[in-house]
Amino acid sequence: MAERTNTTQTRTLADLAMATGAANAAAQQQRELPEPQRDAQGRSYATGKRKNAVARVWVKPGKGKITVNGRDQQIYFARPVLRMMIQQPFTVANRTGQFDVVCTVTGGGLSGQAGAVRHGISKALTLFEPELRPSLKSGGFLTRDPRVVERKKYGRAKARRSFQFSKR
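Numbering of residues starts from 1 in every chain and runs along the sequence as written. For this predicted model, a pLDDT threshold of at least 70 governs which residues receive local features, and a threshold of 80 or more governs which side-chain atom pairs are given and counted, while totals over whole chains, interfaces and linings are taken from all residues. The basis for every side-chain value is the complete set of heavy atoms in the structure, and neither hydrogens nor water enter the calculation.

Visitor: If you had to explain the environment of Ala-157 to someone new, which residues and values would you point to?
Guide: Elements are defined by DSSP. Helices are runs of H or I of four residues or more, strands are runs of E of two residues or more, and each kind is numbered from the N terminus. Relative to the elements of secondary structure, Ala-157 occurs in the segment after helix H6 (133-138). With residues near it in sequence (within four places) discarded, Ala-157 still touches Lys-152, Ser-162 and Phe-163. In this description, contact between two residues means that some pair of their heavy atoms is separated by no more than 4.5 Å.

Visitor: I'd like to hear about the side chain of Arg-95, residue by residue, with values.
Guide: One can find Arg-95 in the loop between helix H4 (80-92) and strand E5 (99-106). Polar contact criterion, stated in full: a pair of N or O atoms within 3.5 Å, where within protein one must be able to donate a hydrogen and the other to accept it, and residues adjacent in sequence count only if both atoms are side-chain atoms. Within the structure, Arg-95 has its side chain in polar contact with the side chain of Glu-129 (distance 2.8 Å). Ignoring sequence-local partners within four residues, the contact set of Arg-95 consists of Phe-90, Glu-129 and Leu-132.

Visitor: I'd love a proper account of the pattern of salt bridges, names of residues and values included.
Guide: Any carboxyl oxygen of Asp or Glu within 4 Å of a side-chain nitrogen of Lys or Arg constitutes a salt bridge here. Evaluated as defined, the whole model comprises six salt bridges. Here Asp-145 ties to Arg-147 by a salt bridge, and the two come within 2.8 Å at their closest N and O atoms. Three or more residues joined by partner-sharing salt bridges are found here, namely Arg-50, Asp-145 and Arg-147.

Visitor: Explain the side chain of Arg-50 to me, using residue names and the numbers behind them.
Guide: Its location among the elements puts Arg-50 in strand E1 (residues 44-50). Type-normalised accessible area, obtained with a 1.4 Å probe on protein chains alone, sets the label of each residue: buried when under 20%, exposed when over 50%, and partly exposed for intermediate values. Judged by its relative accessible area of 16%, Arg-50 is buried. Setting aside chain neighbours within four positions, we find Arg-50 in contact with Gly-112, Gly-115, Ala-116, Arg-144, Asp-145 and Arg-147.

Visitor: Report on the sheet that holds strand E3 (residues 66-68), specifying residues and quantitative values.
Guide: We treat two strands as partners when DSSP finds at least two bridges between them. With mixed pairing, five strands are arranged side by side in an open sheet as E1-E2-E5-E3-E4. For this open sheet the edge positions go to E1 and strand E4 (71-72), each flanked by a neighbour on one side alone. Strand direction decides the pairing type here: E3 and E4, joined by two bridges, are antiparallel. Looking at the pairing, Val-68 lines up with Arg-71 of E4. Each axis is a line fitted through C-alpha atoms, and for a helix only the stretch in contact is used; angles between axes span 0 to 180 degrees, taken between their N-to-C directions. Where helix H5 (residues 110-128) meets the sheet, its contacts fall on E1, strand E2 (53-61) and E5, and the angle it forms with E1 comes to roughly 145°.

What follows is the structure, given as structure tokens:
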């Protein structure tokens, strides 16, 4: 009885994975994707936040034009680093030049506003094309950065800086 080998018992890990349903997981994941959320004009809307800045972002298919508060992105965000931040979600998702973006940003400074626009673009892209979510999520674009300015405390010059010590 020991000399007889059962072919069903000698399986590779790939066979085992197939038997346990790893193949069904891919099909199940396809079914679990939510349907795209678009308005009557074919746009997806999302809100992005960073520090004290809030960006309302609309994404629609186009040629890659980004308009911020009625102005072109090159005029509004003059520094190349800020423009690069805004383009990151499109680069990661391989969708550069395929979407037009219209957004309004309030609050904060330019750096916070650029971060808010990036966050809003990422969220709007996942609503427009739900299959982009894993790549954007792994890049950290869908997570709101929780860091904000620490409040000033009484008895101190700033949040943590104390007044200059005088010995006499």
